[in-house]
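The residues making up each chain are set out below.
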Amino acid sequence: MTAAENRRFKRVRGDLQFWELNTCVAKYFIDCNNPIRKNIEFFIPLRNKIEHKFMPELDINIFGECQSLLLNFDTVIEKEFGEEYRIRESLSFALQLFPTSDALVKSVETSKDSEAVMNYITNFRNSISTEILESGQYSFKAFLIQVSNHESKDAIPIQFYRYDQMSEEEKAKIKKIAALVKTKEKTVFSTKDLLKPAKVVKKVQQGLGNPKVERNGKEVDKFNSDTHTRCWKKYKVRPESGSDTPEKVISEYCVYDEANESYLYTEKWVDFLISKMQDEDEYNSLYK
């Protein structure tokens, strides 16, 4: 190895040191909210948790993420190396049948050994935004509707139509056809780790050094309850009051307390606000 190569590579006990997958993902996907990146980050701890364990009860639960992982791999291969290297034509479609609702419920029952893994899955999903969670690049799910057989022998037996590329009229038809019972996974959380809005305001104001500004002819705290309201609206961490979907929050920063019909916030939200409000242009943009 040349002197230049020695400067490029690190060695551990004489062997070349390579990046671990987490580092590779962070370097390749600069945007930390990229749904493909989140899909891979979902599987890294999961793989470590289930290594050398047999947990078939998890299959149906993570099928959507598994399917996206495969499709994303093919997408990146094509992007980086060209269409001739993609593998999609070599893949078959597996049709999994659950003829009754009882069979479906039984299939997702967890054992004591898999309870910790299921908790990880639920917590991870609740830690990402609704936009990412509903992205086909994070989790791929589809409804199969049986149609009459085509006369042509060349007709494709299964064809996918991307929901996000459909017209509003087409989406409306799909909603009528697919009568679904949608269950929302919920995480039991401790309110002691969460903050009420007034506490957030106090901590951010203190974190900024208790600065004052003149507003409407009066000297007030730079960061106050009005500022906080403008922030959660600007950064879209929660819906407006009275929303039909109050649970649609960015769970990294906010949690909907259903019992009290209110919103609580995380320490990460406080840190985020302190960082943003130190930028005068960012702060002033709230009042434009």
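Residues numbered from 1 in each chain as written. Predicted model: local features only at pLDDT ≥ 70, side-chain atom pairs only at ≥ 80, totals over all residues. Heavy atoms only, no water.

## A look at the overall build of the protein
To be explicit about the condition: By definition, any uninterrupted DSSP run of H or I lasting at least four residues is a helix, any uninterrupted run of E lasting at least two residues is a strand, and each is numbered from the N terminus. Exposure is judged per residue with a 1.4 Å probe applied to protein chains only, and the accessible area is read against the type maximum: over 50% gives exposed, under 20% gives buried, and values in between give partly exposed. The criterion used for residue contact is that any of the two residues' heavy atoms lie within 4.5 Å. What sets the accessible areas is the Shrake-Rupley method with a 1.4 Å probe; for residues, cover comes only from the shown protein chains.
Across its full length, the protein carries 12 helices and six strands. Taking all 288 residues of the protein together, the buried fraction comes to 27%. Put simply, of all contacts in the protein between residues at least 6 apart along the chain, 60% involve residues at least 24 apart. Accessible area for the protein stands at about 21,400 Å²; split by element, carbon and sulfur atoms hold 51% of it.

## Considering the environment of Tyr-120
Relative to the helices and strands, Tyr-120 is located in helix α6 (residues 112–127). Relative accessible area serves as the criterion here: at 14%, Tyr-120 is assigned to the buried category. Sequence separation between Tyr-120 and Lys-49 is 71 residues; the distance between their C-alpha atoms is 9.3 Å. Those residues in contact with Tyr-120, other than ones at most four positions away along the chain, are Glu-41, Phe-42, Pro-45, Leu-46 and Lys-49.

## Things to note about the layout of surface pockets
To keep things clear, this is the line we draw: Buriedness of a pocket was judged along seven lines, with at least five required to meet protein on both sides within 12 Å; pockets are open sets of points on a 1 Å grid over the protein atoms alone, cavities are sets where a 1.4 Å probe fits but cannot get out, and lining residues have an atom within 4 Å of a point. Grid points are joined across faces, edges and corners, and a volume is the space filled by probe spheres set on the points. Following the grouping adopted for this structure description, the nonpolar residues are Ala, Val, Leu, Ile, Met, Phe, Trp, Tyr, Cys and Pro, the charged ones are Asp, Glu, Lys and Arg, and the polar ones are all others, Gly among them.
Approximately 270 Å³ is the volume attributed to the second largest pocket. Counting only elements with at least two residues in the lining of the second largest pocket, the list comes to α2 (21–28), α3 (35–50) and α4 (59–81). Ranked by the residues each element gives to the lining of the second largest pocket, the list is headed by α4, at seven residues. In terms of residue class, the lining of the second largest pocket is built from 12 nonpolar, one polar and one charged.

## Thoughts on the packing of α2 against α3
As a reminder, the rule being used: To get an axis, a line is fitted to the C-alpha atoms, and for a helix only the part in contact is used. The angle between two axes follows their N-to-C directions and goes from 0 to 180 degrees. Orientation labels follow simple angle bins: below 35 degrees gives roughly parallel, above 145 gives roughly antiparallel, 65 to 115 gives roughly perpendicular, and whatever is left gives oblique.
Running from amino to carboxyl end, α2 crosses α3 at an angle of 170 degrees, the nearest separation of the two axes being 10 Å. The orientation of α2 relative to α3 falls into the category roughly antiparallel. Here Leu-21, Asn-22, Val-25 and Ala-26 of α2 lie close against α3, whose contacting residues are Arg-37, Ile-40, Glu-41 and Ile-44. Class assignment for the residues of the contact of α2 with α3 results in five nonpolar, one polar and two charged.

## Some remarks on the confidence of the model for the protein
Stated precisely, the cut-off is as follows: On a scale of 0 to 100, pLDDT captures the predictor's confidence in every residue.
Here the protein averages 79 in pLDDT, while 74% of its residues score no lower than 70. Here residues 98–105 scores under 50 on pLDDT; set against residues more than four positions off or in separate chains, the count is five contacts. Taken as a whole, residues 179–188 scores under 50 in pLDDT and shows 13 contacts with residues more than four places along the chain or in a different chain.

## Quick word on the side chain of Thr-266
Tracing the sequence through the fold places Thr-266 in the loop between β6 (262–265) and α11 (267–277). Thr-266 sits in the buried class, given a relative accessible area of 12%. When residues no more than four places from it in sequence are discounted, the contact partners of Thr-266 are Leu-194, Leu-195, Ser-251, Glu-252, Tyr-253 and Cys-254.

## A look at the packing of aromatic side chains
Our working rule: Centre distance within 6.5 Å is the pairing criterion for rings of Phe, Tyr and Trp, where only the six-membered ring of Trp is used; planes under 30 degrees apart are then read as stacked, over 60 as edge-to-face, and the remainder as tilted. Throughout this description, the term charge over a ring refers to an Arg CZ or Lys NZ atom that lies within 6 Å of the ring centre and within 35 degrees of the ring normal.
Evaluated as defined, the whole model comprises 15 aromatic pairs. Ring geometry for Tyr-28 versus Phe-29: centroids 4.7 Å apart, planes at 75 degrees, classification edge-to-face. Relative accessible area serves as the criterion here: at 34%, Tyr-28 is assigned to the partly exposed category. Residue Phe-29 is classed as buried on the basis of its relative accessible area, which comes to 11%. Among the aromatic residues, those joined into a ring-pair cluster are Phe-42, Phe-43, Tyr-120, Phe-124 and Tyr-138. Lys-222 extends its terminal NZ or CZ atom over the ring of Tyr-283, reaching a point 4.9 Å from the ring centre. Between the NZ or CZ atom of Arg-238 and the centre of the ring of Trp-232, over which it lies, the distance is 3.7 Å.

## What to know about the pairing of strand β5 (residues 254–257)
In the case of a regular strand, side chains alternate between the two sheet surfaces. What counts here: Only when DSSP finds a minimum of two bridges between them are two strands counted as paired.
Here four bridges tie β5 to β6, and the two strands are oriented antiparallel to one another. Counterpart to Asp-257 in the pairing with β6 is Ser-262. Two successive antiparallel strands, β5 and β6, enclose a turn made up of four residues, where Glu-261 displays a positive phi of approximately 50 degrees.

## Re the pattern of salt bridges
For clarity, the threshold we go by: Each reported salt bridge corresponds to a side-chain nitrogen of Lys or Arg within 4 Å of a carboxyl oxygen of Asp or Glu.
In total, this model carries 11 salt bridges according to the counting rule given. Among the ionic pairs, Lys-203 bridges to Glu-267, the shortest N-O distance being 2.7 Å. Here Lys-203 is found in helix α9 (residues 197–207), whereas its partner Glu-267 is found in helix α11, with 64 residues between them in sequence. Judged by relative accessible area, which is 26%, Lys-203 ranks as partly exposed. A relative accessible area of 35% places Glu-267 in the partly exposed class. For the salt bridge of Arg-230 with Asp-226, the shortest nitrogen-to-oxygen distance reads 2.9 Å. Placement of both Arg-230 and Asp-226 in helix α10 (residues 225–234) is noted, with a separation of four residues, approximately one turn of the helix. We classify Arg-230 as partly exposed; its relative accessible area is 32%.

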